[in-house]
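Observations on chain architecture
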Amino acid sequence: MTHPTDSILIVDFGSQVTQLIARRVREAGVYSEIAPFTTAEAAFARMAPKGVILSGSPASVLDEGSPRIPQAILDSGVPIMGICYGQQVLMQQLGGNVTLGESGEFGHAVIEITDDCVLFDGVWKTGEKHTVWMSHGDKVSALAPGFRPVAVSPGSPIAVVADDSRKYYATQFHMEVAHTPDGAKLIANFARHVCGLTGDWTMAEFRAAKVAQIRAQVGSGRVICGLSGGVDSAVAAVLIHEAIGEQLTCVFVDHGLMRTGEAEQVVSLFRNSYNIPLVHVNAEETFLAGLAGETDPEKKRKFIGGAFIDLFEEEARKVGGADFLAQGTLYPDVIESVSFTGGPSVTIKSHHNVGGLPERMNMQLVEPLRELFKDEVRALGMELGLPQAFVGRHPFPGPGLAIRIPGEVTKERCDILRKADAIYLEEIRAAGLYDTIWQAFAVLLPVRSVGVMGDGRTYDNVLALRAVTSTDGMTAEAFQFPGDFLPRVATRIVNEVKGINRVTYDYTSKPPGTIEWE
Ligand SMILES: Nc1ncnc2c1ncn2[C@@H]1O[C@H](COP(=O)(O)OP(=O)(O)OP(=O)(O)O)[C@@H](O)[C@H]1O
Ligand SMILES: O=c1[nH]c(=O)c2[nH+]cn([C@@H]3O[C@H](COP(=O)(O)O)[C@@H](O)[C@H]3O)c2[nH]1
Ligand SMILES: NC(=O)CC[C@H](N)C(=O)O
Ligand SMILES: [Mg+2]
């Protein structure tokens, strides 16, 4: 099996949230793949999907050379659903009209349902008003022949359109985002009631499809897998091992930027649970030497990304050469690092395993989790029978403490941070909060403050504590600790860690902050 026959193809025009469409389709129990509009025709022919969804885009259909739906898809008779740009381009290609709106709609909007539509089955009724999320400047000003409008909003007289005979539907709002509370149900209605899919696709099938894909990609080649002890690479390694067995060697790089006891834990946890060869590389000196004197966050990240690859290549040579490098890259790593399909989605930070990769790469990447979100990877981990100790771990970034020490990274500063971080996590575990929090860590600030200890003056480092709740790391909220927790941790850290005399708590959500400080 390469992929299930009951599938939906998502044509990506470069929206920031295209992957959320895929996610909603998976939640509706249907297999989906995303193809950039440039290769969508080939993907369509290969997959023979039962439906097509058109994504949003930073482009405007009014711009010359802006993306179009491949004609073969329009000619195929397969049901289509357009979202935002997807609606605009569908209308324009089928004979309607799109104009530049006088003012756009960005954020919450209220639509009114003006007619029945299969997308609204069991969700919305005619005459009702509902909150949706919009993000557009252009709007549909004339319907293409065969379509009827079924909803309006103040900024979009044509907010939802339907052509039941061709099974074409489209919305100006983004139904894939959580800010459209009923959006997931509309996507499920498209999959089930329009495309006639049964919705019985599961993680077990995802696993089988990926195993087949990995075998096809790798053939009889050798694979080196970067194993960090985090959830993503553990799941990737086990999945790849299922696919190609002994062709896989895992490499754990101890860059000296790990937390207290982490390296030992990772290696023993993995060696005790799995019979997969694991090489433990100690590279603290290389990393600290390379980071010396560097304070720019992007330069730190790029150096680390490159140093990882150098080490993977060295290990590849030791096992007689490897053609492939496997990583547990997830979708959030990708979208924050690169602009998708050449569109102007901006780089927020270069995740070491994506945007931080050096330009010259001798090994081809194997990244089976590249389209998944964290909570989906955890579900896949459970499916693969990974120990709870792996599946439930808080994420830890590949660049480690280097991006939690704004400014220059030194061994001394790493040691201070390690001690404080260990106390913080110990208290979180003792309070039974570890599994409620999505990620918690400490940041050693490049700021010194005056204090008084034992009647003496201190002039020492400031530490920030951070803890967030999230489902997928794309958005996050500061965790609200119970009353006396933070003061207790602050006291312990200042008392027990030499070099820190003040502790603060970071209340910023994402956005506008990011989870890490660099
Ligand atoms: N110390 C390391 N040694 C080897 N590979 C690493 C190391 N740190 C990160 N990687 C590679 O980079 C990838 C991305 O790191 P990332 O932190 O996003 O994932 P993870 O560590 O597997 O999971 P988690 O997000 O739970 O920490 C990893 O999946 C792994 O392949
Ligand atoms: O492997 C990684 N390499 C990186 O370069 C990297 N940068 C951030 N993160 C982790 O990604 C999630 C989102 O973090 P941000 O809100 O800081 O972007 C959080 O879980 C971060 O810890 C990284 N993981
Ligand atoms: N989110 C979108 O798809 C926006 C489409 C188009 N760029 C507009 O502004 O209307
Ligand atoms: Mg990690």
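Residues numbered from 1 in each chain as written. Chains lettered and ligands numbered in written order. Predicted model: local features only at pLDDT ≥ 70, side-chain atom pairs only at ≥ 80, totals over all residues.

Under an unreviewed UniProt entry, the protein has the name GMP synthase [glutamine-hydrolyzing] and belongs to Sphingomonas glacialis. What the UniProt record of the protein gives under Function (unreviewed entry) is the line "Catalyzes the synthesis of GMP from XMP." Quoted verbatim from the Subunit (unreviewed entry) heading of the UniProt record, the comment on the protein is "Homodimer." (UniProt positions renumbered as here; feature names shortened; annotations may be inferred.)

Let us look at helix H6 (residues 203–218). The terminal C-alpha atoms of H6, which comprises 16 residues, lie 22 Å apart, in line with the 22 Å expected from a rise of 1.5 Å per residue. For H6, the complete set of buried residues consists of Phe 206, Lys 210, Ile 214 and Val 218. Considered in projection along H6, the buried side chains sweep an arc of 80° and stay on one side of the axis. Across from the buried face of H6, at angles greater than 90 degrees, the exposed residues are Ala 204 and Ala 216. In the core, the buried residues of H6 are packed alongside strand E10 (223–226), helix H7 (231–244), strand E13 (324–326), strand E14 (364–366) and helix H12 (374–383). (Helix = DSSP H or I, 4+ residues; strand = E, 2+ residues; numbered from the N terminus. Expected span 1.5 Å × (residues − 1). Buried ≥ 20, exposed ≤ 12 C-beta atoms within 10 Å, placed from the backbone. Arc of directions from axis to C-beta. Contact = placed C-beta atoms within 7 Å.)

Around ligand 3 lies a shell formed by Ser 15, Gly 56, Ser 57, Pro 58, Ala 59, Ser 60, Cys 84, Tyr 85, Ser 135, His 136, Gly 137 and Asp 138. The element that contributes the greatest number of residues to the shell around ligand 3 is strand E6 (residues 129–142), accounting for 4 residues. Its residues placed into classes, the shell around ligand 3 shows 4 nonpolar, 7 polar and 1 charged. (Near = placed C-beta within 6 Å. Nonpolar A, V, L, I, M, F, W, Y, C, P; charged D, E, K, R; others polar.)

To continue, consider the nonpolar core. Membership of the largest hydrophobic core comes to 82 residues, with the highest contact counts inside it found for Val 223, Ile 224, Cys 225, Val 235, Ile 240, Ala 326 and Ala 420. It is H7 that provides the largest number of residues to this core, a total of 10 residues. Inspection of this core shows a minimum of three residues originating in each of domain 2 (203–391) and domain 3 (410–505). Residues contacting Cys 225, with those up to four places away along its chain left out, are Ser 233, Ala 236, Ala 237, Ile 240, Leu 248, Cys 250 and Ala 326. (Core = buried A, V, L, I, M, F, W, Y, C linked by C-beta atoms within 7 Å. Domains from an automatic or database assignment.)

Okay, the pairing of strand E7 (residues 148–153) next. The pairing of E7 with strand E8 (residues 156–163) spans 4 bridges and is antiparallel. For Ser 153, the partnering residue across the bridge sits in E8 and is Ser 156. Counting the residues in the hairpin turn of E7 and E8 gives 2 residues. (Pairing = 2+ DSSP bridges.)

As a further point, take the UniProt feature "active site" (unreviewed entry) in the protein. Listed under "active site" (unreviewed entry) in the UniProt record, and renumbered for this structure, are Cys 84, His 174 and Glu 176. A stretch of 93 residues holds the annotated residues, and the largest C-alpha distance among them is 10.8 Å, short enough that they meet in one place. Judged by C-beta crowding, with 24 C-beta atoms within 10 Å, His 174 ranks as buried. Once residues within four sequence positions are removed from consideration, His 174 is found in contact with Val 17, Gly 56, Ile 83, Cys 84, Trp 133, Ser 135 and Thr 180. Look past the residues within four positions of Glu 176 in its chain and what remains in contact with it is Val 17, Leu 20, Ile 21, Arg 24, Ile 83, Gly 183 and Ile 187.

Quick look at the environment of Glu 112 now. The topology assignment puts Glu 112 in strand E5 (residues 97–113). Of the residues examined, Glu 112 has 15 C-beta atoms within 10 Å and is grouped as partly exposed. With residues up to four places along the chain from it excluded, the contact list for Glu 112 reads Lys 129, Ala 151 and Val 152.

Looking at the protein, pLDDT values average 92 and 96% of them are 70 or higher. This model gives residues 339–344 a pLDDT under 50, and the stretch forms 16 contacts once residues within four places in sequence are excluded. (pLDDT = per-residue confidence, 0-100.)

Put simply, an interface is often sized by how much accessible area is lost when its parts join up. Taken as a whole, the protein is organised into domain 1 (7–194), domain 2 (203–391) and domain 3 (410–505). With centres defined by C-alpha atoms, the gap from domain 2 to domain 3 works out at 28 Å. Listed per partner, the contact involves 9 residues of domain 2 and 9 residues of domain 3. Here the residues of the side of domain 2 that touches domain 3 sort into 4 nonpolar, 2 polar and 3 charged.

A few words now on unusual backbone geometry. Residue Cys 84 is not a glycine yet carries a positive backbone phi of 55°. Positionally, Cys 84 belongs in the loop between strand E4 (80–83) and helix H4 (85–93). Since 25 C-beta atoms lie within 10 Å of it, Cys 84 is described here as buried. Despite not being glycine, Lys 167 has its phi angle at roughly 60°, a positive value. One can find Lys 167 in the loop between E8 and strand E9 (168–171).

Attention now moves to the packing of helix H14 (residues 411–430) against helix H15 (residues 485–496). Two elements in contact, H14 and H15, have axes separated by 10 Å at closest approach and are oriented at 150°. Considered as vectors, H14 and H15 are oriented roughly antiparallel to each other. By crossing handedness, the relation of H14 to H15 is classed as right-handed. From H14, Ala 420, Ile 423, Tyr 424 and Glu 427 reach across to H15, where they touch Arg 488, Val 489, Arg 492, Ile 493 and Glu 496. Of the residues that constitute the contact of H14 with H15, the class distribution is 5 nonpolar, no polar and 4 charged. (Axes fitted to C-alpha atoms, helices over the stretch in contact; angles between N-to-C directions. Parallel < 35°, antiparallel > 145°, perpendicular 65-115°, else oblique. Left-handed = near helix turned anticlockwise from the far one by under 90°.)

In the vicinity of ligand 2 lie 18 residues, with Pro 397, Gly 398, Thr 514, Ile 515 and Glu 516 positioned nearest. A per-element tally of the shell around ligand 2 places helix H11 (residues 331–337) first, with 3 residues. Of the residues that constitute the shell around ligand 2, the class distribution is 5 nonpolar, 7 polar and 6 charged.

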